[in-house]
2 protein chains.
Amino acid sequence: MRYGRIPDEAVRRLPIYLRGLLFLSEGGQQSISSKDLADFLSVNPSQIRKDFSYFGVFGTPGVGYKTETLIKQIRKILKLDVVHRTALAGVGNLGSALLAYPGFGVYGLDIVAAFDTDPKKIGRKVSNITIESSSKLGTLRRRKIDLAIIAVPGDSAQKTADVLVKAGVKGILNFSPCYITVPRRVKVISIDIAMDLARLPYYMRAG
Amino acid sequence: MRYGRIPDEAVRRLPIYLRGLLFLSEGGQQSISSKDLADFLSVNPSQIRKDFSYFGVFGTPGVGYKTETLIKQIRKILKLDVVHRTALAGVGNLGSALLAYPGFGVYGLDIVAAFDTDPKKIGRKVSNITIESSSKLGTLRRRKIDLAIIAVPGDSAQKTADVLVKAGVKGILNFSPCYITVPRRVKVISIDIAMDLARLPYYMRAG
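Residues numbered from 1 in each chain as written. Chains lettered and ligands numbered in written order. Predicted model: local features only at pLDDT ≥ 70, side-chain atom pairs only at ≥ 80, totals over all residues.

1. Comments concerning the interface of chain A and chain B
Stage number 1. Across the boundary between the two partners, chain A contributes 46 residues, which contact 46 residues of chain B.
Stage number 2. Where the side of chain A that touches chain B is concerned, the elements lending two or more residues are helix 1 (8-26), helix 5 (93-100), strand 8 (171-174), strand 9 (187-190), helix 7 (193-197) and helix 8 (200-203) of chain A.
Stage number 3. Grouping the amino acids of the side of chain A that touches chain B by side-chain chemistry returns 29 nonpolar, five polar and twelve charged. (Contact = placed C-beta atoms within 7 Å. Helix = DSSP H or I, 4+ residues; strand = E, 2+ residues; numbered from the N terminus. Nonpolar A, V, L, I, M, F, W, Y, C, P; charged D, E, K, R; others polar.)

2. A look at the sheet that holds strand 8 (residues 171-174) of chain B
Backbone hydrogen bonds hold the strands of a sheet together, and the pairing may be parallel or antiparallel.
Residues and elements named next belong to chain B.
Stage number 1. Spatial ordering of the open sheet is given by 5-6-4-3-7-8-9, a layout of seven strands whose pairing is mixed. In this open sheet, the two edge strands, each paired with only one partner strand, are strand 5 (125-126) and strand 9 (187-190).
Stage number 2. Looking at chain direction, strand 3 (residues 84-89) and strand 4 (residues 109-116) are connected through six bridges and run parallel. Across the sheet, residue Arg 85 finds its bridge partner in strand 4, namely Asp 110.
Stage number 3. Lying on the sheet, helix 6 (residues 157-166) is in contact with strand 3, strand 7 (147-150) and strand 8; it crosses strand 7 at an angle near 170°. (Pairing = 2+ DSSP bridges. Axes fitted to C-alpha atoms, helices over the stretch in contact; angles between N-to-C directions.)

3. What about helix 6 (residues 157-166) of chain A?
Residues and elements named next belong to chain A.
Stage number 1. The set of residues buried in helix 6 consists of Ala 157, Thr 160, Ala 161 and Leu 164. Down the axis of helix 6, the buried set is contained in an arc of 100°. They therefore lie on one face. Pointing more than 90 degrees away from the buried face of helix 6 are the exposed residues Lys 159 and Lys 166.
Stage number 2. On the buried face of helix 6, the contacting elements are strand 3 (84-89), strand 7 (147-150) and strand 8.
Stage number 3. Looking one or two places after helix 6, you find Gly 168, whose phi comes out positive at around 95°. (Buried ≥ 20, exposed ≤ 12 C-beta atoms within 10 Å, placed from the backbone. Arc of directions from axis to C-beta.)

4. What to know about helix 1 of chain A
Stage number 1. With 19 residues, helix 1 of chain A extends 28 Å between its outermost C-alpha atoms, agreeing within 8% with the 27 Å of an ideal straight helix rising 1.5 Å per residue.
Stage number 2. Listed in full, the buried residues belonging to helix 1 of chain A are Arg13(A), Leu14(A), Pro15(A), Tyr17(A), Leu18(A), Arg19(A), Gly20(A) and Leu21(A).
Stage number 3. Buried residues along helix 1 of chain A sit against helix 2 (34-41), helix 3 (45-53) and helix 4 (67-77) of chain A together with helix 7 (193-197) of chain B.
Stage number 4. Phi turns positive, to about 95°, at Gly28(A), one or two residues after helix 1 of chain A. (Expected span 1.5 Å × (residues − 1).)

5. A closer look at the environment of Ser190(B)
Residues and elements named next belong to chain B.
Stage number 1. Relative to the assigned elements, Ser 190 resides in strand 9.
Stage number 2. Taking the number of C-beta atoms within 10 Å as the measure of exposure, Ser 190 has 21 and is therefore buried.
Stage number 3. A sequence separation of 40 residues divides Ser 190 from Ile 150, and the C-alpha atoms of the two residues are 9.4 Å apart.

6. As for the confidence of the model for chain A
All names here are of chain A.
Stage number 1. With 97% of its residues at a pLDDT of at least 70, chain A reaches an overall mean of 88.
Stage number 2. Ranking the helices and strands of chain A by mean pLDDT puts strand 6 (residues 129-133) first, with 97, and helix 7 last, with 76.
Stage number 3. With pTM at 0.75, the complex prediction returns an ipTM value of 0.75. (pLDDT = per-residue confidence, 0-100.)

Here you go:
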């Protein structure tokens, strides 16, 4: 089945639904109503129904959605049904935390290589990955690595992005606090942790 | 001025606009059109205009928005115009990266205390903060700390959240890969880094 264009906001929400569904599925839940899923995730049930309708999924009244089927469909839409070989650039505190993070596998993401410029780090093993010299980033294409995570200091982020693009990477998750510029064919998602923390005070009650 | 309820999706976007505006303001830009801001942030200009209209801000045709004024207004709406004293629970790799992160201050967030259960870490200084024993989390209320970041392993996240809530915390940024349950008066924002990475393949071109 081919899907039409799904709004970016819906694409942003799909992984959240997926995570909730995986959690419920592990707990043995075989079907779920949009209301129960919405309650579980603290989101709006009509939003969920609307988002699912973009790819032609409609629940059965009184039964809801089949958990397993929905998981498969969301994975397919997000193209998480194939494993993406992913490289990490920068093995500082954040990079080390990412290497140790157990949650990526569930989403079809496999960090298979890590790079750093620090000679003291090169050759060391972190979470079963041997750190390589950043001068080896050019090998990504040959190794069929098409996703990369940038966790280098801000002042070398753009330079790293340039090398990654040249090495054939098609998607970048940027954790550096800087904007990076890439050709249109490459998709960048920038994560600024402070962005999320900055939403908190708005919701906090006074007093 | 009092504002009506702003949709959550708009609240999520405001910090992104703020970051862009701060960046442009530092570069000396005194006014900006919604189109230029949209181009800079790779978002939709009509979305920007709509989001700003929620709090009564309308650009001047041919001139746009005054950068400084807009920064002040967004800060006020997000309640970032007062500094929030913030505690960090868990000083592993991720916690250490958060302590070293320079970006929080801009958003009125000040990490003033860090806690861990590991006796080897307690008393050590990381980024000018002396790590305290987690048994001291009860002191937060007295120290007027009302925000907290959870960066502990998943299996102790709920227990940590319970202690934080009891200590008077009103907002929690949860980095653990687990759901945490808190009373309604406390706002939780959960960050699952894999959620963001999971959106990337959707946008990547085939081939």
